[in-house]
Amino acid sequence: MNPVSKRDYYEVLGVGRDAGEQEIKAAYRKLALLHHPDRNPEHADAEDRFKEASEAYSVLSDPQKRAAYDRYGHAGLQGAGSAGPNVDAFSDFSDILGDFFGVGDLFGGGGGQRRRGAQRGEDVHYNLEIAFEEAVFGLSADIQVPRMETCGRCSGSGAAPGTGASACPTCRGRGEVLYQQGFLSIRRTCHACGGVGQILRSPCTQCRGQGRVQAQRKLKINIPAGVDEGTRLRLSNEGQPGPNGGPYGDLYVLLKVRPHPFLERHETDLHCTVPVNITQAALGAEILVPTLEEAQKLKIPEGVQSGAQLRLRHKGVPALSGGARGDLVVHIEVRTPSRLTREQRKLMEQLRESLPVDNAPAEKGLFDKVRDYFA
Ligand SMILES: [Zn+2]
Ligand SMILES: [Zn+2]
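The shown structure was predicted, so the numbers you read here are calculated from the model rather than taken from an experiment.

Time to look at the coordination of the zinc ion (ligand 1). Tetrahedral coordination by four donors puts the ideal angle at the metal at 109.5 degrees, and octahedral coordination by six puts it at 90 or 180 degrees. Distances from the zinc ion (ligand 1) to its protein donors, namely C151 (SG), C154 (SG), C204 (SG) and C207 (SG), fall within the range 2.2 to 2.4 Å. Of note, the zinc ion (ligand 1) draws all its donor residues from one chain, in the sequence arrangement C-x2-C-x49-C-x2-C. Separated by 56 residues along the polypeptide, C151 in the loop between β2 (139–150) and β3 (165–167) and C207 in the loop between β6 (198–200) and β7 (212–223) bring together distant segments of the chain. Residue classification places C151 among the buried residues on the basis of a relative accessible area of 1%. Taking relative accessible area as the criterion, C207 reaches 5% and is therefore assigned buried.

Right, here's the structure in full:
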């Protein structure tokens, strides 16, 4: 709505600029009841009038907004957090009338009907824990999901076999009851039958008249290769059945992946740390590296340093979106022997005599500069 074309809020409510809180509230209540769309289904502009009154009320009933409006008009209400044109008219309305009548379901004009209509069933969430390898290669899993199913004994009617339903005596089968309260007549959902209009003479013993029973639904689900911790799979229409014949909700399967004893996963790459001794590091070697399939030979180049990373191509995880498999990244850790035999020690000592000693710090920093200074 263009602010320029907006009517003055006091004019909308039909009150003076000095009207008090009670006067404003009373004026709004009168207009709201007059224009409420549920009472005026044949008047297309009723909803606009109703919203206009609600907006005016939401401003004039709030001292801060009213002060801003009094000083600057509609322009004073533009911007942060103000109840501008996007007032939630209906929630304001039920607030004000709710505390007045102490009921929430006013104007349920055909409310019983609305409640009785078909609705979509609830979604069901299921947590599934799988092994590390299963996440990498995928699997077909049998799961049992608890959900409601139509009762087999009464075929969902809720009535014991051979018996039927009869009209609810409280509402005479209408599903709602009419209250007279002052100048208002209020329709409310019948509590005796829950708005259905019928009560069961002899409820089904299997489902206690609910027509639905708790069941374990067996499902086979195919989990694709490459899923990861937190991956959520959606299975359409495997959730709860919708009330009153509505469509089923969905089933969400949330995956939890058990960690692997020595493989770590980052996206599609796998990582592991493999220790080598100093002779393997110095002379080079061929070692066996465990992968998710059979062990693989890996050539360690001579002179390898601790922290070096070697890759086994395509021994990682398949990309969920298709495409190439990731790598297995082998982190080399050079281990210094700590318990030498007498003979090993002798060999080490010989080696020491022939190796050049260079203990200069690896990275140029403050220490380097100090050493340069004293050199
Ligand atoms: Zn039943
Ligand atoms: Zn009833």
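After that view, the rundown keeps rolling.
Distances from the zinc ion (ligand 2) to its protein donors, C168 (SG), C171 (SG), C190 (SG) and C193 (SG), fall at 2.2 to 2.4 Å. Note that the zinc ion (ligand 2) binds four donor atoms; their angles at the metal cover 104 to 114°, and the shape is tetrahedral. For the zinc ion (ligand 2), the donor residues sit on a single chain with the sequence spacing C-x2-C-x18-C-x2-C. Here the residue C168 occupies a position in the loop between β3 and β4 (176–181), and C193 occupies one in the loop between β5 (184–189) and β6, the gap between them amounting to 25 residues. Comparing C168 with C193, the two get one shared label, buried.

Any two side chains of opposite charge can pair, given that their charged atoms come close. On inspection of all chains with the given rule, the structure shows 22 salt bridges. A salt bridge links R120 to D250, with the shortest nitrogen-to-oxygen separation between them at 3.3 Å. Of this pair, R120 sits in the loop between α6 (111–116) and β1 (124–130) while D250 is found in the loop between β8 (232–235) and β9 (251–257), placing the two residues 130 residues apart along the sequence. Using a relative accessible area of 45% as the deciding quantity, one classes R120 as partly exposed. For R217, the salt bridge is made with E238, and the minimal N-O distance between the two is 2.6 Å. Of this pair, R217 sits in strand β7 while E238 sits in the loop between β8 and β9, placing them 21 residues apart in sequence. One connected set of salt bridges, linked through shared partners, spans R120, D123, R234 and D250.

The next point concerns the packing of aromatic side chains. With the rule as written, the count across this model stands at three aromatic pairs. With a centroid separation of 4.6 Å and 35° between ring planes, the pair formed by Y9 and Y69 is classed as tilted. Of this pair, Y9 sits in helix α1 (residues 9–13) while Y69 sits in helix α4 (residues 63–72); the two residues are 60 residues apart in sequence, bridging distant segments of the chain. A relative accessible area of 3% means that Y9 is categorised as buried. Assessed through its relative accessible area of 3%, Y69 is described here as buried. When the centroid spacing of 4.4 Å and the interplanar angle of 5° are considered together, the rings of Y28 and Y57 count as stacked. Pair noted here: Y28 is in helix α2 (residues 21–35) and Y57 is in helix α3 (residues 46–60), with a separation of 29 residues, a long-range link. In this structure Y57 comes out as buried when scored by relative accessible area, which is 13%. Grouping aromatic residues by their ring pairs yields a cluster made of Y9, Y10 and Y69.

Quick look at the sheet that holds β9 now. What the three strands build is an open sheet, ordered β1-β9-β8; its pairing is mixed. Both edges of this open sheet fall to β1 and β8, since each of them pairs with a single strand only. For this sheet, the mean angle separating the axes of adjacent strands, direction not counted, is 25°. As judged from the four bridges shared by β8 and β9, these two strands associate in the antiparallel manner. Each bridged residue has a counterpart across the sheet, and for L235 the counterpart in β9 is L251.

Rules behind the numbers
Residues numbered from 1 in each chain as written. Chains lettered and ligands numbered in written order. Predicted model: local features only at pLDDT ≥ 70, side-chain atom pairs only at ≥ 80, totals over all residues. Heavy atoms only, no water. Donors = N, O, S within 2.8 Å, 3.2 Å for Na, K, Ca; no water. Helix = DSSP H or I, 4+ residues; strand = E, 2+ residues; numbered from the N terminus. Buried < 20%, exposed > 50% of the residue type's maximum accessible area, 1.4 Å probe, protein only. Tetrahedral: all angles 85-135°; square planar, octahedral: opposite > 155°, others 65-115°. Salt bridge = Lys/Arg side-chain N within 4 Å of Asp/Glu carboxyl O. Phe/Tyr/Trp six-rings, centres within 6.5 Å; stacked < 30°, edge-to-face > 60°. Pairing = 2+ DSSP bridges. Axes fitted to C-alpha atoms, helices over the stretch in contact; angles between N-to-C directions.

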